[in-house]
Amino acid sequence: MAQEVAGDRAATAEADGALAFVTVAVGDLRLALPLAAVRAVIRLPELVRIPLGPPSLDGLAQWHGEAVPVLDLARALGRPDGGAATRETRVVLVGHRGQPVGLRVDAMAGILRSDPDRIDPVTQEKGGLDPAMLDGLLRDGSVTILKLDALIDRQFGDHTEAERPERGAGGFGRAAAGEAGTGKAAAGPDRQALLVFEVAGQEFALPVDRVREVLPAPREVARMARAKAHLLGVMAVRDRLLPLVGLRALFGLDGGQGAGRRVVVVRSGAGEAPVGVLVDEVREILRLDPALIDPVPPLLAREPEFEDLDGIARADGGRRLVSVLSAERLFRHGAAIGAEAGGEGDGMEPAQPAEGSGIAERFVVFRLAGAEYGLPVSAVREVLRRPDSITPLPNAPDFVAGVLTLRGEVLPLIDQRRLLNLPAAAASLSGGLERGRVVVVGRDGLLVGLLVDGLSGLLTVPAERIGPAPAVSAAQRRLIRRVVTLDAAGDVAGGTRLILLMDADSLLDMDRLADLLVTPQ
């Protein structure tokens, strides 16, 4: 221990031999952190909870494009929780094994310098703290020096990378989903994938392969002079202008022309600019037999307002009729707005990106316990409404809520909240169980359903905005390997929206899921 202490002190020594520390307050304690390890001290940022973490983990924050785990220093030290944040609450960002880690403290006291000979060793508990996490006592100010690596390592446990499960392994998952090839009915290439959304209580859809992403609706839309009512204007996305079309006005539906909570960005075709469609809610992703998508009846097709439809989809055995929009018609509306804005056909993104690799990945994003999670589009077969009743499966792991029959195939339903050790949803709350969704994940004949709170939509993310998720536990490293960092409006430049990316192969391996430690470390 003496050599480790000497090394740490040497790292913080100045030319005159003094050691510099950042001092903070945590309850009745005054603590010192080596200045050389401190990257920044910031106000408490917006936090996103990460599952399967230690009790001291408050969540993830975004700092300079990185997803940073933030620990409550009081809980990490075994002290009572400090309670609600105040104006004095700060987060001290320190470096730990190549990644930044935040420590939430009650207040920052200042910077203190001390000669090495005025630092006493710790020989017994000081203020109820474990001596193994302490690096000494400063005589000047009666401040306790923390040993940061020991403290953080104790919270996050073993940092050995969890073994990556082999694709297709897992007897329980295969037994529940059927042998290889049985998922063809649900995932066959002959089925048409549709993104379903709601506007004024009515359902519309677009082919998934024509949807680029789904973004939060902007607070303000720049209107164009003398534009038709359904041509809402433009919004800024990644320093480009995205034309917005309002379906309420286009189809004469009730509600204000600016209403909406999501923007469905339709992918460009034949070199045309993308266009955004303002919708109230993204509902689900359906995969239907093309025979269930009928053309618009000839009598209606002659009417101008039906030119924007490609067909009518019959879902749920014909009990639901979903209007399938024409992407080509939407492009023409977008071009009209672009011409008024003086864009002359400029796309939302340049053909050759000026920055970044230009490589992007597409994800299905869903909500769970107030956070957003994502899965690769290639792994998601469809997204369905949560069934009214679920058939229980005897002797199944605790996180398996039961089974669901999907077009003759039986698949296990994983309760994501139980799997990730998140609090149970309150059925009485808006967006609770009654509005839940089932994300069907499949690969190599295996199928599982994931019970989630709701669907955010599709998202295309540049590769440079995807990074490794901070490692906080072995179970988390197996299930959540990467994280997306965006801002709350969908812009990729310096924001605070964090999306946790789940590993589809791990979710399909039921045997290994049953072995996960779902209690925080």
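A.B. asks: Where do I start with the overall build of the chain in this structure?
C.D. replies: Each helix and strand counted, the chain has 12 helices and 33 strands in total. Across the 521 residues in the chain, those meeting the buried criterion constitute 52%. Residue pairs in contact within the chain that sit at least 24 positions apart in sequence constitute 64% of those at least 6 positions apart. When the accessible surface of the chain is totalled, it reaches about 23,100 Å², and 50% of it is carbon and sulfur.

A.B. asks: Just checking my understanding: could you explain helix α3 (residues 148-156) for this structure?
C.D. replies: What sets the pattern is the α-helix's 3.6 residues per turn: residues three or four places apart point alike. All buried positions along α3 are accounted for by L148, L151, I152, D153, Q155 and F156. The first or second residue beyond α3 is G157, which carries a positive phi of 75 degrees.

A.B. asks: Explain the environment of E66 to me, please; I cannot follow it from the model alone.
C.D. replies: As for its position among the elements, E66 is in strand β5 (residues 66-72). Between the C-alpha atom of E66 and that of T485, which follows or precedes it by 419 residues, the distance is 7.1 Å. When residues no more than four places from it in sequence are discounted, the contact partners of E66 are R39, A61, P100 and T485.

A.B. asks: Explanation requested: the pattern of salt bridges in the structure shown.
C.D. replies: Side chains carrying opposite charge are able to pair once their charged atoms draw close together. All chains considered together, the criterion is met by 27 salt bridges. For R320, the salt bridge identified is with E284, shortest N-O distance 2.9 Å. One end of the pair, R320, is in strand β22 (residues 320-325); the other, E284, is in strand β19 (residues 281-288), and 36 residues separate them in sequence. We classify R320 as buried; its relative accessible area is 11%. Three or more residues are tied together by salt bridges with common partners; here these are E198, E203, R283, E284, D316, R320 and R385.

A.B. asks: Would you take a moment to explain a nonpolar patch on the surface for this structure?
C.D. replies: Taken together, the side chains of V41, M108 and I111 make up a nonpolar region of the molecular surface, amounting to roughly 230 Å² of accessible area. Note on placement: I111 falls in strand β8 (residues 107-114).

A.B. asks: What's the story with the side chain of R329 in this structure? I'm lost.
C.D. replies: Inspection of the secondary structure puts R329 in helix α8 (residues 327-340). A distance of 3.3 Å separates polar atoms of two side chains, one belonging to R329 and the other to D308. The residues contacting R329, other than those within four sequence positions of it, are E307 and D308.

A.B. asks: Got a minute to help me understand the pairing of strand β1 (residues 19-26) in this structure?
C.D. replies: The side chains of a regular strand alternate, residue by residue, between the two faces of the sheet. Taken across its eight residues, β1 has seven buried, putting it largely inside the fold. Inspection of the sheet shows β1 paired to β8 by seven bridges, in the antiparallel sense. When the sheet's bridge partners are listed, L19 is paired in β8 with S114. The sheet contact formed by β1 and strand β2 (residues 29-34) spans six bridges and is antiparallel. Of the residues in β2, the one forming a bridge with V22 is L33. The loop that links β1 with its antiparallel partner β2 comprises two residues; one of these, G27, has a positive phi angle of about 60 degrees.

Rules used in this analysis
- Residues numbered from 1 in each chain as written.
- Predicted model: local features only at pLDDT ≥ 70, side-chain atom pairs only at ≥ 80, totals over all residues.
- Heavy atoms only, no water.
- Helix = DSSP H or I, 4+ residues; strand = E, 2+ residues; numbered from the N terminus.
- Buried < 20%, exposed > 50% of the residue type's maximum accessible area, 1.4 Å probe, protein only.
- Contact = heavy atoms within 4.5 Å.
- Areas by Shrake-Rupley, 256 points an atom, 1.4 Å probe, with all protein chains shown as cover.
- Salt bridge = Lys/Arg side-chain N within 4 Å of Asp/Glu carboxyl O.
- Patch = residues over 30% accessible without salt bridge, like charges linked within 9 Å, V, L, I, M, F, W, Y side chains within 5 Å.
- Polar contact = N/O pair within 3.5 Å; in protein donor to acceptor, adjacent residues only side chain to side chain.
- Pairing = 2+ DSSP bridges.

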